[in-house]
Structures are given as structure tokens and as C-alpha cells.
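A closer look at the structure
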Amino acid sequence: MKRFALAAMLAVLLAGCDGASGGDARQTLESRRAALQDAIADNPQAIAERIELARVAFRLGDGVAAEAAIKAAIAAGGKEEALRPLLARAYAMQGENGRALETLDSGPIIPEMIGEAAWVAGNVHLANGDLSAARDAYDRAVQDLPRDSMLWVDVARFRDASADTLGARDAVDYAIELDKTNSAALALKANLVRTQMGLTASLTWYDAALAADPDNAGALIERAATLGDLGRYGDMLASLRHAATLVPGDPRLYYLQATLAARAGDYRLARSLLQRTRGQMDDVPGFMLLSAIVELELGGEAVAATWADRLLAEQPGNLTARRILAASEWADGDADAAAEALAPIVNRVDADNWSLTLAARVAAERGQAGESAGYLARAASLTRGDAAPFAADNDYGLLSMEANAAPLNPSVAIPAISADIASGNSASAIARATRLRDANRGVAEAHILLGDAAFAGGRYDLAVQSYRAARALDGGERTMLRLANALYRAGDAAGSGATIMALRDGQPSSIAADRLAGHLAMDIEHWDEAIAHFERVRQRIGNRDVVVLRELAKAYAAKGDRGRALSLIDRAYRLEPLNAEIMTIYAGLIENRDRQAAADLREKAEQIGR
């Protein structure tokens, strides 16, 4: 009888390990939980039922209930060496990672449960950011549980966190092959597809995940975020409302609602929703950026600057955060701090008009008339150079030595590549980047780095090849814009335009894609298309981009809508009164109404041209 009982317990223990279903409907699981609870009530010494109850609780995401069931099984006579991995999983599910590892290390584990123990350890190490330990643990887990669909989902998450895009895809595809109803696998597939192919393509996979489990809260929230980026706000809210019934306290719900409120211009509501996250998302870059924007819009300049500073500590190259910090410091009366925040932007040849205009005002406030005039002249030109990397702060020789000693260590190789590019040593940059790429062919960043090095050295053919390889892994804005630029420089204008339109189709929320698509439409005099693209940009950012206003004015004028064109060019002129092209367009539009004013504008434009 003892052997029979042990065999029965092992069968239940392993039932959740090999081929565990991720697609069990929540209602079915809840029904099974109720039945198991009734069985346990009738038999206080039941062990197998308590273990199965813990497994059901795991699938429902209830770590507390799983812990209680496992401890009850141990109290009823269950072997600790068999149940220890399950108890550790329950702790990990509750966020008690230290306690989970302590439990795994607290005593022996039966051979049949070593795979599960390694799986739990992998999850804990991944949550702690220890990718090396996580890799070793997952490798051990898949040896014992090679056909567990849910394990392969976690392996895919690990590979994605390690920037191994190809590996993550392979793992999640295998998870789906093992269990086509695994909602967690289908949802992760959707996330990967969103990165690779764009927002629209990912919706099919989110829908599949929710068809397998309509109450998959994670999939509902990610789908809501995707729908929001697509501008489908009604559908977004429907997903969020459903998710709120399942995980009412999840901070992501408030964050996404705050994003929607901010887009609608209701910044007070956005602030209230952000505050309801109770600090649980304070370290998320998107949350920091939104908080800074909301506070700046509501007049909380000091708080906005604090958020922007925190984000820049994490992402020093985030130009949007720098602009917000500069605007906050300027509005708060600190011209010196505003100048310091703007310096890394205005020192670049691709500095934007808004930053240059603010820099001119800041310089004038500080008594630097010459610098102010220089910034105004650059802003008035409305032209931007090619983006350049931030200059390396470290000694070039030291960076090269460190990278030569460890050529495959990204932490030293990437700064050396940036230093090579900044110093004009493109051959060295390409060589270093090629070695990194060869060692990391499944990592999009490795291909992008090689493309950047090749582009800086004028090797546009190699840049195109590298960016195309990156696009196969990550079809996002950062990759597609680089590819479009490289194709254009390589003489393939048609390919460049096709890439921009592909980005526009895959990422309809991309402001950059709409800008570029608008310029392409202007070049071939497709006025309606140009207007559609530029109006989408204006709807997102308001009437603060002079180039967008100018192009819209030209397009409306070409269509014969002079009234709308005049309104737009007037706004552009108020923002940038020293641009000769804007003055000329303005003069042409008011010629029939006020000939003298038109003549004055043309004369002013000629003087600026001289």
C-alpha cells in the first residue's frame, strides 16, 4: 500500500511537469479546485488531492493558495524532498525569491523533481537579473522536462531578456507546438511578433491567447496597450475593464489609463491615475517619462525635472527626457540648469528646431547674445544633419585597450566602437562590431551596431545588409528608420520609401514614419496623402512643429484651400519668424489681400538670404 501511495503521489507531482497545459479555461480550473477542496474536507489525510490542488492554484496564479496546499500535504505525511520544489515555486510566485532559493537549498530533492527544482531556480534567477545562473538552471530543467510547454515559455522569456531574439522565437514556437492551447505561450508569441512585425500583426496572436483563456490578464493588458498605440481606444478600454475584474490592483491598468487620459489632454486625471500605482512602476522608463510630461503640463516644474532626471540616470541618451528637463528648469527660472540639460542636444548637428529655439532664449537670458544668435540661425534653417553618437567620455586609448583585451564583452566593446566612430576610425569600429555580430547573430542590437559603424564609415552597402538582418529580428522604428536612411544613401530611393511605408503600416503610431511618409508624398505631389500623414503628426504633437505646419500649408495651398493654408503658415511664422521659405510662402498666400505686407515679407526674406 505504501508503494501504491508513493506511486500515486509521484503521478500527481509529475502531472504538472510533463506537458502541462497552459490553456485550461479558468472556469474549468475553478471547478476542479472546488471539487478537490470538497475531497480534502472529507479526507484530512489526502496528499495527492492537496498536491493537485496546488497545481491548480499555480495555473490560476494563486501562490498563496498553492503554498497552503503544499504545506497541508506535508503535514498530512507528504515527503518534503518531493514537495520542496513546489513550495519554492509557491514562494517565487508571491515574489519571495530569497525564500524560494532557501527552500530549494534546505534539503535533498528526489530525482523525479530535480527538473522542477531547476525550473523554479531559473525563474528566480531571471527575476533577480542573474542571467548566467538562470541559463544554467534552465539547461538542467529542459534535460528532465523536454516536453513541458510551460517550461519552454519561461525559457523563451529568458532568451528574450538575454536579447536572443531568434532563440526566444524558437522556444515559444516549440511551446505552442507542444500545446496549441497554451495561452501564456500564445501571448508571449504576440509580444515577440509585435517587436518583429509590428502592432497590427501581433493582434492575431493576442486574440488566439484570449481564445485559449479569455481571462489571461497579462494578454488582456498587453493587447490593450497595443490597441492604444493603434488608436483603437474603445477596444483598449474594453480590454482594460476585463483585466480589471481579474487583477484589480495591477498598476499597469492605471498606467495605461493615464496614458490614454494624457493623450486626450486630461492631465489631472492622468496624474490621479499615475498616483494610484503607489510607486510600483516608478522604475519603468515609460512611467517616468509620462509622469514628467504630466507634471510639466500641470505646472509642477520641479517634480517634472525630478522625473526627467531619474529617467536620464537610466537612459542618458534619451533626448525627449532632456527636452522635458530643459523645459522644466527654464519654466522654473533656472536658466543655467536648462542650458546644461540642452547642451548634449544642441551640440549635435541633428539638433531639432524646438531645442535650438529654447537654447537661444536660455542663452539670451544668460547674457550670451552671440550664442543666442547662433542658435536662432540654426533653428531658422529648419535643416538637420545626420545623427551622431554621443562622444565617449573615457580616454580613447584606454577604451581601445580594454576592448582589445575582451572583444566580445559588450560593456567594453560598445564604448570603444562609439569612440572609434567619433574619432573617424571607421575601419576599427567595423572590425569590432563584426566580431560582436558574429558572436551574437540572434541579437538585433549586434546587427544594428555593425550597421551604425558601417554607415559612419560610408559603407552603405554593409549598413543596408546589417540593418536588414536586424529588421528580421526587430522591425521597430529604430531599425526601420536606419534601414530607410541607409537605402537612401546607397541610392535606392524606392527601397527607402517602401521601408518607411512598411514601418507606417506595421507601427501606425510611429510619428517619425508619418513625417517621412508625408515628405515622400510631397516630393511626388500626392497632396492628399501628404496631408493625411502630416495631420496625424499634428494630432499627436500639436501645433509646435514648424516643418509640419509649413508642409501642411504648402499641401493645402496646392489643393486650392488657401484659407486653411494661411492659418497654418501664420502659425509657422509665429514659431519661426526668421525662416525665408516660410516668409515666401506667407507672402504668396496674402498677396491678394495685402500686397504691401506680402512685399515686406519678401524683402525680409531676401535680406535673410543675403
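These remarks concern the structure in this document.

Rules used throughout
- Residues numbered from 1 in each chain as written.
- Predicted model: local features only at pLDDT ≥ 70, side-chain atom pairs only at ≥ 80, totals over all residues.
- Heavy atoms only, no water.
- Helix = DSSP H or I, 4+ residues; strand = E, 2+ residues; numbered from the N terminus.
- Buried < 20%, exposed > 50% of the residue type's maximum accessible area, 1.4 Å probe, protein only.
- Contact = heavy atoms within 4.5 Å.
- Areas by Shrake-Rupley, 256 points an atom, 1.4 Å probe, with all protein chains shown as cover.
- Lys, Arg positive; Asp, Glu negative; His and termini not counted.
- Charge placed at Lys NZ, Arg CZ, Asp CG, Glu CD.
- Polar contact = N/O pair within 3.5 Å; in protein donor to acceptor, adjacent residues only side chain to side chain.
- Patch = residues over 30% accessible without salt bridge, like charges linked within 9 Å, V, L, I, M, F, W, Y side chains within 5 Å.
- Salt bridge = Lys/Arg side-chain N within 4 Å of Asp/Glu carboxyl O.
- Phe/Tyr/Trp six-rings, centres within 6.5 Å; stacked < 30°, edge-to-face > 60°.
- Lys NZ or Arg CZ within 6 Å of the ring centre and 35° of its normal.
- Expected span 1.5 Å × (residues − 1).
- Core = buried A, V, L, I, M, F, W, Y, C linked by side-chain atoms within 4.5 Å.

1. Section: the overall build of the chain
Regarding its fold elements, the chain presents 35 helices and 0 strands. Counting the 610 residues in the chain, one finds 47% classified as buried. The long-range share in the chain, meaning contacts at least 24 apart out of those at least 6 apart in sequence, stands at 53%. Here the chain displays about 28400 Å² of accessible surface, and carbon together with sulfur accounts for 51% of that area. Taking the average location of the 67 positive side-chain charges in the chain and that of its 82 negative ones, the two points are 3 Å from each other.

2. A word on the side chain of Arg550
Tracing the sequence through the fold places Arg550 in helix H32 (residues 546–558). Looking at Arg550, its side chain comes within polar contact range of the side chain of Glu551, at 2.9 Å. Side chain to side chain, Arg550 and Glu581 meet in a polar contact 3.2 Å long. Setting aside chain neighbours within four positions, we find Arg550 in contact with Leu382, Ile569, Ala572, Glu581, Ile582 and Ile585.

3. Let's talk about a negative patch on the surface
A surface patch of negative charge is lined by Asp594, Asp600, Glu603 and Glu606. Its location among the elements puts Glu603 in helix H35 (residues 595–609).

4. Considerations on the pattern of salt bridges
Per the stated rule, a full pass over the model turns up 40 salt bridges. The closest approach of N and O atoms between Arg550 and Glu551, which form a salt bridge, is 2.9 Å. Grouping residues by exposure puts Arg550 and Glu551 together as buried. What you see here is one network of salt bridges that share partners, running through Arg550, Glu551, Lys554 and Glu581.

5. Some remarks on the packing of aromatic side chains
Counted under the stated rule, the structure contains 6 aromatic pairs. Here the aromatic rings of Tyr255 and Phe287 are separated by 6.1 Å at their centres, their planes lie at 50°, and the arrangement is tilted. Residue Tyr255 is found in helix H15 (residues 251–263), and its partner Phe287 is found in helix H17 (residues 285–297); the two are separated by 32 residues along the sequence. The class of Phe287 is buried, set by a relative accessible area of 2%. Through a chain of ring-to-ring contacts, the aromatic side chains of Tyr255, Phe287 and Trp307 assemble into a single cluster. Sitting over the ring of Phe58, Arg89 keeps its end group 6.0 Å from the ring centre.

6. Quick word on unusual backbone geometry
The phi dihedral of Arg278 falls on the positive side, at around 55°, and the residue is not glycine. Among the secondary structure elements, Arg278 is positioned in the loop between helix H16 (267–275) and H17. Residue classification places Arg278 among the exposed positions, given a relative accessible area of 72%. Backbone geometry at Glu525 places phi at a positive 60°, although glycine is not the residue there.

7. With respect to H32
With 13 residues, H32 ought to run about 18 Å at 1.5 Å a step, and its terminal C-alpha atoms sit 18 Å apart, in line with that. Of all the 13 residues making up H32, 10 are buried; the element is thus mostly covered by neighbouring parts of the structure. Against the buried residues of H32 lie helix H21 (353–365), helix H30 (511–523), helix H31 (527–541), helix H33 (562–575) and helix H34 (580–590). Between the side-chain oxygen at the start of H32 and the backbone nitrogen of Val547 there is a gap of 3.0 Å, and the oxygen is on Asp545. Backbone geometry just downstream of H32 places Gly560 in the positive-phi region, at approximately 95°.

8. Focus: the nonpolar core
In summary, soluble globular proteins display a tendency toward joint burial of nonpolar side chains. Counting 85 residues, the largest nonpolar core has Tyr138, Leu151 and Leu256 as the members making the most contacts within it. The element that contributes the greatest number of residues to this core is H15, accounting for 8 residues. In this structure, Leu151 is in contact with Trp119, Tyr138, Ala141, Val142 and Leu145, ignoring residues within four places of it in sequence. The next biggest cluster of nonpolar side chains, apart from the first, holds 32 residues, and it includes Tyr573, Tyr586, Ala587 and Ala598.

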